[in-house]
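Architecture at a glance
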Amino acid sequence: IPLKWGVLAFPRYVGLDAYGPLELLNIVAFNTPNMTLSIVAETMDPVPAHISNSAGALTWVKPTYTIDQDPELDVLLIPGGQGSRVAYNNTRIINYIKRTYPKLKYITSVCSGAQLLAKAGILNGKRATTNKFSWAELTASGPGVNWVPCARWVVDGNIWTSSGIAAGIDMAHAFTKTVYKNETLADRAANILEVEIHKDPNWDPFCEV
(Lines give C-alpha, C1' and ligand atoms only; values in the text may rest on other atoms or scores of the structure.)
Protein backbone atom coordinates (compact mmCIF):
# COMPACT_ATOMS: atom_id res chain seq x y z
CA ILE A 1 0.00 0.00 0.00
CA PRO A 2 1.18 3.57 -0.53
CA LEU A 3 2.81 4.78 2.67
CA LYS A 4 4.64 7.97 1.77
CA TRP A 5 2.32 10.93 1.21
CA GLY A 6 3.39 14.37 0.09
CA VAL A 7 1.35 17.56 -0.26
CA LEU A 8 2.59 20.16 -2.74
CA ALA A 9 2.39 23.62 -1.14
CA PHE A 10 2.58 26.91 -3.02
CA PRO A 11 1.68 30.46 -1.94
CA ARG A 12 -2.05 31.13 -1.53
CA TYR A 13 -3.17 27.51 -1.67
CA VAL A 14 -6.52 26.82 0.04
CA GLY A 15 -5.83 25.45 3.49
CA LEU A 16 -8.80 23.08 3.62
CA ASP A 17 -7.78 21.55 0.28
CA ALA A 18 -4.66 20.29 2.02
CA TYR A 19 -5.59 20.12 5.71
CA GLY A 20 -8.93 18.36 5.18
CA PRO A 21 -7.41 15.24 3.61
CA LEU A 22 -4.36 15.54 5.89
CA GLU A 23 -6.51 15.46 9.03
CA LEU A 24 -8.18 12.24 7.91
CA LEU A 25 -4.90 10.75 6.67
CA ASN A 26 -3.20 11.66 9.94
CA ILE A 27 -5.61 9.35 11.75
CA VAL A 28 -5.05 6.67 9.12
CA ALA A 29 -1.29 7.08 9.59
CA PHE A 30 -1.62 6.67 13.35
CA ASN A 31 -3.08 3.24 12.67
CA THR A 32 -0.82 2.33 9.73
CA PRO A 33 2.81 1.45 10.54
CA ASN A 34 5.46 3.35 8.56
CA MET A 35 2.99 5.71 6.91
CA THR A 36 4.36 9.25 6.63
CA LEU A 37 2.95 12.66 5.69
CA SER A 38 5.10 15.49 4.37
CA ILE A 39 4.91 18.92 2.74
CA VAL A 40 6.86 19.66 -0.45
CA ALA A 41 7.49 23.24 -1.61
CA GLU A 42 9.88 25.28 -3.73
CA THR A 43 11.97 26.25 -0.71
CA MET A 44 12.06 25.47 3.00
CA ASP A 45 10.50 28.84 3.81
CA PRO A 46 7.01 28.68 5.39
CA VAL A 47 4.32 28.79 2.70
CA PRO A 48 1.34 31.16 3.20
CA ALA A 49 -2.21 29.92 2.64
CA HIS A 50 -4.86 32.12 1.03
CA ILE A 51 -6.59 33.46 4.14
CA SER A 52 -5.19 36.88 4.94
CA ASN A 53 -5.90 40.39 6.17
CA SER A 54 -4.23 43.74 5.56
CA ALA A 55 -1.16 42.52 7.46
CA GLY A 56 -0.74 39.50 5.20
CA ALA A 57 -1.29 35.75 5.45
CA LEU A 58 -2.84 34.37 8.62
CA THR A 59 -1.78 30.75 8.20
CA TRP A 60 1.48 29.20 7.07
CA VAL A 61 2.75 25.66 6.58
CA LYS A 62 6.35 24.56 7.15
CA PRO A 63 7.74 22.39 4.33
CA THR A 64 9.38 19.05 4.96
CA TYR A 65 11.22 18.93 1.63
CA THR A 66 11.93 21.13 -1.38
CA ILE A 67 11.02 20.13 -4.91
CA ASP A 68 14.73 20.01 -5.74
CA GLN A 69 15.26 17.31 -3.12
CA ASP A 70 12.84 15.03 -4.99
CA PRO A 71 11.67 13.16 -1.88
CA GLU A 72 10.61 9.57 -2.40
CA LEU A 73 6.81 9.55 -2.39
CA ASP A 74 4.06 7.07 -3.11
CA VAL A 75 1.26 9.65 -3.34
CA LEU A 76 1.33 13.36 -4.17
CA LEU A 77 -1.66 15.54 -3.30
CA ILE A 78 -2.01 18.89 -5.05
CA PRO A 79 -4.35 21.48 -3.49
CA GLY A 80 -5.98 24.36 -5.31
CA GLY A 81 -6.79 27.96 -4.55
CA GLN A 82 -6.02 31.34 -6.04
CA GLY A 83 -2.36 30.47 -5.85
CA SER A 84 -2.84 27.60 -8.29
CA ARG A 85 -3.26 30.21 -11.04
CA VAL A 86 0.25 31.45 -10.28
CA ALA A 87 1.65 27.94 -9.83
CA TYR A 88 0.13 27.10 -13.23
CA ASN A 89 2.70 29.41 -14.81
CA ASN A 90 5.56 28.35 -12.52
CA THR A 91 7.79 26.18 -14.68
CA ARG A 92 9.65 24.72 -11.69
CA ILE A 93 6.45 23.48 -10.06
CA ILE A 94 4.98 22.07 -13.27
CA ASN A 95 8.25 20.32 -14.10
CA TYR A 96 8.35 18.86 -10.60
CA ILE A 97 4.88 17.37 -11.12
CA LYS A 98 5.90 16.02 -14.55
CA ARG A 99 9.05 14.30 -13.35
CA THR A 100 7.54 13.03 -10.12
CA TYR A 101 4.39 11.48 -11.51
CA PRO A 102 6.10 8.45 -13.14
CA LYS A 103 7.66 7.57 -9.76
CA LEU A 104 4.37 7.69 -7.86
CA LYS A 105 1.82 5.01 -7.17
CA TYR A 106 -0.93 7.64 -7.15
CA ILE A 107 -1.40 11.34 -7.75
CA THR A 108 -4.37 13.30 -6.40
CA SER A 109 -5.76 16.81 -6.60
CA VAL A 110 -8.34 18.86 -4.77
CA CYS A 111 -10.31 21.71 -6.32
CA SER A 112 -8.33 23.76 -8.84
CA GLY A 113 -5.25 21.64 -8.17
CA ALA A 114 -6.44 19.66 -11.20
CA GLN A 115 -5.38 22.66 -13.29
CA LEU A 116 -1.75 21.90 -12.44
CA LEU A 117 -2.17 18.25 -13.39
CA ALA A 118 -3.65 19.36 -16.70
CA LYS A 119 -0.77 21.76 -17.35
CA ALA A 120 1.69 18.94 -16.63
CA GLY A 121 -0.04 16.81 -19.27
CA ILE A 122 -1.01 14.12 -16.78
CA LEU A 123 -4.75 14.45 -17.43
CA ASN A 124 -4.65 14.29 -21.23
CA GLY A 125 -7.25 11.76 -22.34
CA LYS A 126 -8.22 11.10 -18.70
CA ARG A 127 -11.46 11.64 -16.81
CA ALA A 128 -11.16 14.29 -14.09
CA THR A 129 -13.13 16.87 -12.15
CA THR A 130 -12.42 20.18 -10.47
CA ASN A 131 -14.01 23.13 -8.68
CA LYS A 132 -17.47 24.16 -9.93
CA PHE A 133 -17.27 27.83 -8.98
CA SER A 134 -14.49 28.38 -11.53
CA TRP A 135 -15.45 25.53 -13.85
CA ALA A 136 -15.27 27.38 -17.17
CA GLU A 137 -11.87 28.90 -16.42
CA LEU A 138 -10.30 25.73 -15.06
CA THR A 139 -11.54 23.32 -17.70
CA ALA A 140 -10.40 25.65 -20.47
CA SER A 141 -6.84 25.12 -19.22
CA GLY A 142 -7.08 21.42 -20.06
CA PRO A 143 -8.77 21.00 -23.46
CA GLY A 144 -7.47 17.43 -23.78
CA VAL A 145 -9.11 16.33 -20.52
CA ASN A 146 -12.43 14.51 -20.28
CA TRP A 147 -13.85 16.80 -17.60
CA VAL A 148 -16.68 15.34 -15.52
CA PRO A 149 -18.92 18.20 -14.34
CA CYS A 150 -21.13 16.27 -11.93
CA ALA A 151 -18.89 14.31 -9.57
CA ARG A 152 -17.66 14.61 -6.02
CA TRP A 153 -14.46 12.87 -7.07
CA VAL A 154 -13.24 10.96 -10.12
CA VAL A 155 -10.80 8.06 -10.39
CA ASP A 156 -9.01 7.24 -13.63
CA GLY A 157 -6.25 4.70 -13.18
CA ASN A 158 -3.87 6.01 -10.53
CA ILE A 159 -5.21 9.58 -10.79
CA TRP A 160 -7.74 10.81 -8.23
CA THR A 161 -9.27 14.27 -8.66
CA SER A 162 -11.92 15.87 -6.44
CA SER A 163 -14.19 18.84 -6.92
CA GLY A 164 -14.53 21.87 -4.67
CA ILE A 165 -12.53 22.30 -1.47
CA ALA A 166 -14.35 20.10 1.09
CA ALA A 167 -14.65 17.27 -1.45
CA GLY A 168 -11.02 16.42 -0.74
CA ILE A 169 -12.07 14.90 2.59
CA ASP A 170 -14.53 12.59 0.84
CA MET A 171 -11.84 11.64 -1.64
CA ALA A 172 -9.36 10.83 1.16
CA HIS A 173 -12.01 8.63 2.80
CA ALA A 174 -12.69 6.82 -0.47
CA PHE A 175 -8.95 6.41 -1.06
CA THR A 176 -8.51 4.81 2.37
CA LYS A 177 -11.50 2.53 1.80
CA THR A 178 -10.45 1.51 -1.72
CA VAL A 179 -6.66 1.55 -1.86
CA TYR A 180 -5.99 0.54 1.76
CA LYS A 181 -9.00 -1.79 1.60
CA ASN A 182 -10.05 -0.61 5.04
CA GLU A 183 -13.49 0.98 5.21
CA THR A 184 -13.56 0.46 8.96
CA LEU A 185 -10.48 2.66 9.40
CA ALA A 186 -11.82 5.24 6.94
CA ASP A 187 -15.09 5.44 8.87
CA ARG A 188 -13.25 5.61 12.19
CA ALA A 189 -11.21 8.57 10.94
CA ALA A 190 -14.38 10.33 9.75
CA ASN A 191 -16.08 9.70 13.09
CA ILE A 192 -13.12 11.13 15.00
CA LEU A 193 -13.28 14.21 12.77
CA GLU A 194 -17.07 14.30 13.23
CA VAL A 195 -17.56 14.83 9.52
CA GLU A 196 -20.41 13.38 7.47
CA ILE A 197 -18.78 11.61 4.56
CA HIS A 198 -20.42 11.42 1.14
CA LYS A 199 -19.51 7.96 -0.12
CA ASP A 200 -21.09 8.21 -3.56
CA PRO A 201 -18.72 9.91 -6.04
CA ASN A 202 -21.74 10.90 -8.13
CA TRP A 203 -23.31 12.87 -5.26
CA ASP A 204 -22.88 16.44 -6.44
CA PRO A 205 -25.63 18.99 -5.77
CA PHE A 206 -23.13 21.75 -6.51
CA CYS A 207 -23.18 20.71 -10.16
CA GLU A 208 -26.73 22.05 -10.46
CA VAL A 209 -25.92 25.15 -8.40
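Residues numbered from 1 in each chain as written. Predicted model: local features only at pLDDT ≥ 70, side-chain atom pairs only at ≥ 80, totals over all residues. Heavy atoms only, no water.

Let us look at the overall build of the protein chain. Counting secondary structure elements, the protein chain contains eight helices and 13 strands. Expressed along its principal axes, the backbone C-alpha trace of the protein chain runs to roughly 40 × 40 × 40 Å. Relative to its 209 residues, the protein chain shows a buried fraction of 54%. Contacts spanning at least 24 positions in sequence make up 69% of the contacts within the protein chain whose residues lie at least 6 apart. Summing over all exposed atoms, the protein chain offers an accessible surface of approximately 9,600 Å²; the carbon and sulfur share of this is 54%. Charged side chains in the protein chain number 18 positive and 18 negative. The centres of these two groups are separated by 6 Å. (Helix = DSSP H or I, 4+ residues; strand = E, 2+ residues; numbered from the N terminus. Buried < 20%, exposed > 50% of the residue type's maximum accessible area, 1.4 Å probe, protein only. Contact = heavy atoms within 4.5 Å. Areas by Shrake-Rupley, 256 points an atom, 1.4 Å probe, with all protein chains shown as cover. Lys, Arg positive; Asp, Glu negative; His and termini not counted. Charge placed at Lys NZ, Arg CZ, Asp CG, Glu CD.)

For the rest of this paragraph, the subject is the packing of helix α1 (residues 15–30) against helix α7 (residues 183–193). For any two helices packed against each other, the geometry is given by the interaxial angle and the distance between the axes. One way to put it is that α1 packs onto α7 with a least axis distance of 9 Å and a crossing angle of 125°. For the element pair α1 / α7, the angle class is oblique. Considering the relative orientation of α1 and α7, their crossing is right-handed. Contacts between α1 and α7 involve E23, L24, I27 and V28 on the former and, on the latter, L185, A189, A190, I192 and L193. (Axes fitted to C-alpha atoms, helices over the stretch in contact; angles between N-to-C directions. Parallel < 35°, antiparallel > 145°, perpendicular 65-115°, else oblique. Left-handed = near helix turned anticlockwise from the far one by under 90°.)

The next subject is the UniProt feature "domain: DJ-1/PfpI" (unreviewed entry) in the protein chain. Mapped onto this numbering, the UniProt entry annotates "domain: DJ-1/PfpI" (unreviewed entry) at residues 37–176. Each end of residues 37–176 is marked by a C-alpha atom, and these two atoms are 14 Å apart; helix forms 26% of the span and strand 26%. (UniProt positions renumbered as here; feature names shortened; annotations may be inferred.)

The next point concerns α7. Residues of α7 that are buried: L185, A186, A189 and A190. Projected onto a plane normal to the axis of α7, the buried residues spread over an arc of 140° and lie on a single side. When the buried face of α7 is taken as reference, the exposed residues oriented beyond 90 degrees from it are T184 and N191. The secondary structure elements touched by the buried residues of α7 are α1 and α6 (167–178). (Arc of directions from axis to C-beta.)

Right, let's talk about the sheet that holds strand β12 (residues 153–156) for a bit. As summarised here, the arrangement of the seven strands in space is β7-β2-β1-β8-β9-β13-β12, forming an open sheet in which the pairing is mixed. Pairing within the sheet leaves two strands with one partner each, and these edge strands are β7 (65–66) and β12. Taken together, the five bridges between strand β1 (residues 4–8) and strand β2 (residues 36–41) define a ladder with parallel strand orientation. Paired with K4 across the strands is T36, a residue of β2. Against the sheet, α1 makes contact with β1, β2, β8 (75–78) and β9 (106–110), and its axis sits at roughly 160° relative to β2, the strand it touches most. Of the strands in this sheet, β1, β8, β9, β12 and β13 (159–162) touch α6, which is tilted by about 150° from β13. (Pairing = 2+ DSSP bridges.)

This part takes up the environment of S38. Within the fold, S38 resides in strand β2. Counting along the chain gives 29 residues from S38 to A9, while the straight-line C-alpha distance between them is 10 Å. Discounting chain neighbours no more than four positions away, the residues touching S38 are W5, G6, V7, T64, Y65 and L73.

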